[in-house]
Amino acid sequence: MVRKQLYLEVRQERALKRLAKKTGKTEAEILREALDRHTAELQREQDRLKVWEEQKDFIRQWIAKGPVPKAERVLVDSNRARDV
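(A) Structural view of the overall build of the protein chain. Across its full length, the protein chain carries three helices and zero strands. If you list the helices and strands of the protein chain from N to C, you get α-α-α. With 84 residues in all, the protein chain has 4% of them scored as buried. By element, 57% of the accessible surface of the protein chain is carried by carbon and sulfur atoms, the whole surface being about 8,300 Å².

(B) A look at a nonpolar patch on the surface. A surface patch of nonpolar side chains, amounting to about 480 Å² of accessible area, comprises Phe 58, Ile 59, Trp 62, Ile 63 and Val 68. Relative to the elements of secondary structure, Val 68 occurs in the loop between helix 2 (27–65) and helix 3 (70–83).

(C) The arrangement of the packing of aromatic side chains in detail. Under the definition given, this model contains one aromatic pair. The positively charged end of Lys 65 is found above the aromatic ring belonging to Trp 62, 4.2 Å away from the centroid.

(D) Quick look at helix 1 (residues 10–23). An ideal rise of 1.5 Å per residue puts 20 Å on 14 residues; helix 1 measures up with 20 Å between its terminal C-alpha atoms. Positive backbone phi, approximately 80°, marks Gly 24, located one or two places after helix 1.

(E) Main features of the pattern of salt bridges. Evaluation of the coordinates by the stated rule reveals eight salt bridges. Across the salt bridge formed by Glu 41 and Arg 44, the nearest N and O atoms sit 2.8 Å from each other. One end of the pair, Glu 41, and the other, Arg 44, are both in helix 2, three residues apart, so they sit about a helical turn from each other. Relative accessible area serves as the criterion here: at 30%, Glu 41 is assigned to the partly exposed category. For Arg 48, the salt bridge identified is with Glu 41, shortest N-O distance 3.1 Å. Through salt bridges with shared partners, a single ionic network connects Glu 13, Lys 17 and Glu 27.

Procedures and definitions
- Residues numbered from 1 in each chain as written.
- Predicted model: local features only at pLDDT ≥ 70, side-chain atom pairs only at ≥ 80, totals over all residues.
- Heavy atoms only, no water.
- Helix = DSSP H or I, 4+ residues; strand = E, 2+ residues; numbered from the N terminus.
- Buried < 20%, exposed > 50% of the residue type's maximum accessible area, 1.4 Å probe, protein only.
- Areas by Shrake-Rupley, 256 points an atom, 1.4 Å probe, with all protein chains shown as cover.
- Patch = residues over 30% accessible without salt bridge, like charges linked within 9 Å, V, L, I, M, F, W, Y side chains within 5 Å.
- Salt bridge = Lys/Arg side-chain N within 4 Å of Asp/Glu carboxyl O.
- Phe/Tyr/Trp six-rings, centres within 6.5 Å; stacked < 30°, edge-to-face > 60°.
- Lys NZ or Arg CZ within 6 Å of the ring centre and 35° of its normal.
- Expected span 1.5 Å × (residues − 1).

Take it as geometry only, folks, not as evidence of what the structure does.
Right under this line is the structure:
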């Protein structure tokens, strides 16, 4: 492990001490867990954004193709009916 120092607001220190006492964990454990959760959430957010951008690109490609001919619409509608 690597030693780090950080500054906390007074309210954060109080909350950290309460949580450590309540859970029986050290303050350092709580801070490491919080950092792990935060970085995991940031990664999930980036992953969701990437997927959304891919979906938008897909939609733009379909829009650029123009209207779907009637024969293809009928085929799509019949496929939906089978899926239901």
